[in-house]
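Descriptive structure summary
Letter by letter, the chains look like this.
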Amino acid sequence: MISIKDVKKIFSTKNGKVNAVDNVNLEINEGEIFGVIGYSGAGKSTLIRMLNGLEIPTEGVVSVAGNEVSRIKGASLRKARQEISMIFQHFNLLWSRTVRENIAFPLEIAGVPKKARLERVNELIKLVGLDGREDAYPSQLSGGQKQRVGIARALANNPKVLLCDEATSALDPQTTDSILDLLVDINERLGLTIVLITHEMHVIRKICHRVAVMEGGRIVEIGEVLDVFQKP
Ligand code: ADP
Ligand code: ADP
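Just so it is clear, the structure is predicted and the values come from calculations on it, not from any experiment. (Residues numbered from 1 in each chain as written. Chains lettered and ligands numbered in written order. Predicted model: local features only at pLDDT ≥ 70, side-chain atom pairs only at ≥ 80, totals over all residues. Heavy atoms only, no water.)

Examining helix α3 (residues 99–109)
- Those residues of α3 not exposed but buried are V99, N102, I103, A104, P106 and L107.
- Where α3 is buried, its residues meet α4 (114–128) and α5 (143–155).
- Just past α3, the residue G111 takes up positive phi, approximately 80°. (Buried < 20%, exposed > 50% of the residue type's maximum accessible area, 1.4 Å probe, protein only. Helix = DSSP H or I, 4+ residues; strand = E, 2+ residues; numbered from the N terminus. Contact = heavy atoms within 4.5 Å.)

Structure below.
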């Protein structure tokens, strides 16, 4: 489903070059929940952003759900992004729009007609458990509810892959668990492939099938979660 081959990302800054991602090779299977863990600055965000074309690798090839995202641009990239959705630590919701309008937004952009849009939004609201909050604005929601809106919006166009960039890092432990349960539910029910990055071991242990540990732009360890992090 996802293939990362000989990928490097070098940023040029006024203090010189930074090898944010340094010779990474990685294959992620369809239906897998794959975690990337590492300290701040390890290169996790840069790696996940290359999966949906938010960053272009300096070298190497990235393919996701049949799209060579390291090469395509413009309209083809926008089309590919309907299959490769993302959720964020700070939710990135539209603050002047209601829950319903936030979730409908990607459907509008995709040109889905109004009636089909309303039906799809209702389906998504049920799926993420936001019944009764349809007309609320983001400022009226708890952190967990905001992330549920983010998840519903990400799923609107039936993506094949969901990328999660520190998606629970702004949430308290109990809310984190409920969002992780929702992600597992979505993975099992829809067969969606999930790639998540985190600095929290708990997140990896709770839901990931496999994990890669990143350090200094490199993958220093990879495998089944129980093998990489043996329980004491
Ligand atoms: P992580 O997500 O693991 O915290 P990042 O991918 O954000 O790591 O960063 C990896 C390295 O690349 C860091 O040294 C960071 O400062 C650097 N970096 C990330 N984005 C940029 C950028 N746009 N310009 C310059 N350096 C960057
Ligand atoms: P953070 O402030 O830590 O980025 P938020 O969840 O508050 O996290 O914000 C998410 C995004 O929404 C940010 O890009 C922010 O600039 C934007 N944003 C926050 N508040 C408002 C607002 N009242 N009106 C418009 N945009 C907002």
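Some remarks on the site of ligand 2
- The environment of ligand 2 is formed by H90, F91 and W95.
- The backbone of H90 places a nitrogen or oxygen atom 2.9 Å from an oxygen atom of ligand 2.
- One of the side-chain N or O atoms of W95 is found 2.8 Å from an oxygen atom in ligand 2.
- For ligand 2, the accessible surface in isolation is 540 Å², of which the surrounding protein chains cover 35%. (Near = heavy atom within 4 Å. Polar contact = N/O pair within 3.5 Å; in protein donor to acceptor, adjacent residues only side chain to side chain. Areas by Shrake-Rupley, 256 points an atom, 1.4 Å probe, with all protein chains shown as cover.)

Points about the packing of α4 against α5
- α5 packs onto α4 with a crossing angle of 135° between their chain directions and a minimal axis gap of 9 Å. Comparing their axes, α5 and α4 come out oblique. Between α4 and α5 lies a crossing whose hand is right-handed. Residue-level inspection shows R120, L124, L127 and V128 of α4 in contact with α5, the latter providing R148, I151, A152 and L155.
- Tallied by class, the residues present in the contact of α4 with α5 amount to 6 nonpolar, no polar and 2 charged. (Axes fitted to C-alpha atoms, helices over the stretch in contact; angles between N-to-C directions. Parallel < 35°, antiparallel > 145°, perpendicular 65-115°, else oblique. Left-handed = near helix turned anticlockwise from the far one by under 90°. Nonpolar A, V, L, I, M, F, W, Y, C, P; charged D, E, K, R; others polar.)

Here we look at α5
- Here α5 contains 13 residues, and its C-alpha end-to-end distance of 19 Å stays within 8% of the 18 Å for a straight helix at 1.5 Å per residue.
- In terms of burial, α5 is largely enclosed, as 11 of its 13 residues are buried.
- Listed as buried for α5 are G144, K146, Q147, R148, V149, G150, I151, A152, R153, A154 and L155.
- Buried residues belonging to α5 abut β5 (84–88), α3, α4, β6 (161–165) and α6 (173–190). (Expected span 1.5 Å × (residues − 1).)

A look at the sheet that holds strand β4 (residues 59–64)
- Spatially, the 3 strands line up as an open sheet ordered β2-β1-β4, and their pairing is antiparallel. This sheet does not close on itself; its edge strands, each paired only once, are β2 (16–28) and β4. Direction aside, neighbouring strands of the sheet carry axes that sit 30° apart on average. (Pairing = 2+ DSSP bridges.)

Let's talk about the environment of I56
- Positionally, I56 belongs in the loop between α1 (44–49) and β4.
- Residues I56 and L155 lie 99 residues apart in sequence; the distance between their C-alpha atoms is 24 Å.
- Residue contacts for I56: discarding those within four places in its chain leaves K9, M50, V69 and S70.

Details of the pairing of β2
- Sheet analysis places strand β1 (residues 2–13) next to β2, joined by 9 bridges and oriented antiparallel. Following the sheet pairing, I2 is matched in β2 by I28.
- Joining the antiparallel neighbours β1 and β2 is a turn of 2 residues.

Describing the packing of α3 against α5
- α5 packs onto α3 with a crossing angle of 30° between their chain directions and a minimal axis gap of 7 Å. Viewed along their axes, α3 and α5 adopt a mutual orientation that is roughly parallel. In the packing of α3 onto α5, the handedness of the crossing is right-handed. Within the contact between the two elements, α3 uses V99, N102, I103 and P106 and α5 uses V149, A152 and R153.

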